[in-house]
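The primary structure of each chain is shown beneath.
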Amino acid sequence: MGKTEGMPVTTGSILTQMEAMLEQLPESERKAAQYILAASAEVSGLSIHAVADKAGTSAAAITRLCRSLGLSGFPDLKMRLSVDNAKPQRPGYYDIERGETIQNVIQKTVSNSLQAIQDMMLHLQPELIEQVVDSFRQASVIHMYGVGASAIVAADAAQKWLRLGKQAFALQDEHLIAAALASAPPGALFMGISYSGNTKEVLQLFRVAQKYGVRTIGLSRFGNHKVAELADLMLYTPQAPEATLRSGASSSRLTQLVMIDILFFAYASTQYEETILRLSQTHEATAFLKQN
């Protein structure tokens, strides 16, 4: 297939993201968000000062809320609200309840996955992805680390770049990674993955990387957290509401994996011939292991 020009961009629900982030927002932004959630249709036709007045906050707080949501400003917020309000039913995330039928489990799981990917489109920045891809291309060695579900994402990323001929590792012992960062060659790269953005082990490794001059990339949910403060480059995925059976965690893992896929295919596209050669070589090597 050839290149596709002018592909339509699917946007997720800004209202869903606002709900998910509500409790983490500063009070002034939370007031604005609560009003917008309660009167989203009305907000689309109001000025920023009118919304501030009705919400009992300031125009500056609304501007900060827009930034917290990854939007360029109030006009962008109004556009997103118009899109949400035009939908026959606002999408959302669903938890699994006691005694669910298999059909309901299927529908809710697929719905959550699709919603998470659509919401992810709110935060994708092609220019930033290009910078990250360039950092991967220039890296002499890449260390990736995550805890729990994020460890799966780190391992997936490492094996992808390893197959492209990069020295990529996803060690699970943070002491070994710290030692590797301390003795890393020039051009080394560290990617820390944490959905919460505050995982202690990940934060400590960011600090180790900084101490030894290793460039860093963070992958986390959108919002205010320590990873965003420490990383040189920051990739964001949407925040799903908390759920009793952690359907939110499933959605976060999925969007992290999709982000890794986007980076991988963007990387491969810029080095297409070399990528095809490398993948052919690794396929040949793994096929050899299966021979009798």
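Owing to the predicted nature of the structure, the values given are computational and were not obtained by experimental measurement. (Residues numbered from 1 in each chain as written. Predicted model: local features only at pLDDT ≥ 70, side-chain atom pairs only at ≥ 80, totals over all residues. Heavy atoms only, no water.)

A.B. asks: Explain the sheet that holds strand 1 (residues 142–146) to me, using residue names and the numbers behind them.
C.D. replies: Strand order in the open sheet formed by five strands is 2-1-3-4-5, with parallel pairing between adjacent strands. At either margin of the open sheet sits one strand with a lone partner, and together these are strand 2 (168–169) and strand 5 (233–237). Bridge count for strand 1 against strand 3 (residues 189–193) is five bridges, and the pairing is parallel. The partner of Gly-146 across the bridge, within strand 3, is Ile-193. With respect to the sheet, helix 8 (residues 126–138) is in contact with strand 1, strand 3, strand 4 (215–221) and strand 5, its orientation differing from that of strand 5 by roughly 125°. Here helix 11 (residues 200–211) sits on the sheet and contacts strand 1, strand 3 and strand 4; the angle it forms with strand 3, its principal contact strand, is near 160°. (Pairing = 2+ DSSP bridges. Helix = DSSP H or I, 4+ residues; strand = E, 2+ residues; numbered from the N terminus. Contact = heavy atoms within 4.5 Å. Axes fitted to C-alpha atoms, helices over the stretch in contact; angles between N-to-C directions.)

A.B. asks: A description of the pairing of strand 4 should follow, citing residues and the corresponding values.
C.D. replies: On a regular strand, one side chain projects to one face of the sheet and the next to the other, so that they alternate. Strand 4 sits mainly inside the fold: six of its seven residues count as buried. Direction of pairing for strand 3 relative to strand 4: parallel, over a ladder of five bridges. Each residue of the ladder has a partner; that of Leu-189, found in strand 4, is Arg-215. Between the parallel pair strand 3 and strand 4, the chain is carried across by helix 11, and the sense of this crossover is right-handed. (Buried < 20%, exposed > 50% of the residue type's maximum accessible area, 1.4 Å probe, protein only. Right-handed = clockwise from strand over helix to strand, strands pointing away.)

A.B. asks: An account of the environment of Tyr-236 is needed here, citing residue identities and associated values.
C.D. replies: Looking at the secondary structure, you find Tyr-236 in strand 5. Tyr-236 gets classed as buried once you look at its relative accessible area, which sits at 16%. Here the alpha-carbon distance between Tyr-236 and Leu-124, two residues 112 residues apart in the chain, equals 7.4 Å.

A.B. asks: Tell me about the confidence of the model for the chain, and name the residues and values.
C.D. replies: Chain-level statistics for the chain give a pLDDT mean of 84 and a share of 89% at 70 or above. Ignoring residues within four places in sequence, the model shows residues 1–11, a span with pLDDT below 50, making eight contacts including any to other chains. (pLDDT = per-residue confidence, 0-100.)

A.B. asks: Give me the lowdown on the pattern of salt bridges, citing residues and values where you can.
C.D. replies: As enumerated under the stated definition, the model contains eight salt bridges in all. In this structure, Asp-156 and Lys-160 form a salt bridge, with 3.0 Å as the shortest nitrogen-oxygen distance. Placement of both Asp-156 and Lys-160 in helix 9 (residues 149–162) is noted, with a separation of four residues, approximately one turn of the helix. Under the relative-accessibility criterion, Asp-156 is labelled buried at 18%. Accessibility expressed as a relative area gives 13% for Lys-160, which makes it buried. Measuring nitrogen to oxygen at the nearest pair gives 3.6 Å for the salt bridge that ties Glu-229 to Lys-226. Of this pair, Glu-229 and Lys-226 both sit in helix 12 (residues 226–230), three residues apart, which is roughly one turn of the helix. (Salt bridge = Lys/Arg side-chain N within 4 Å of Asp/Glu carboxyl O.)

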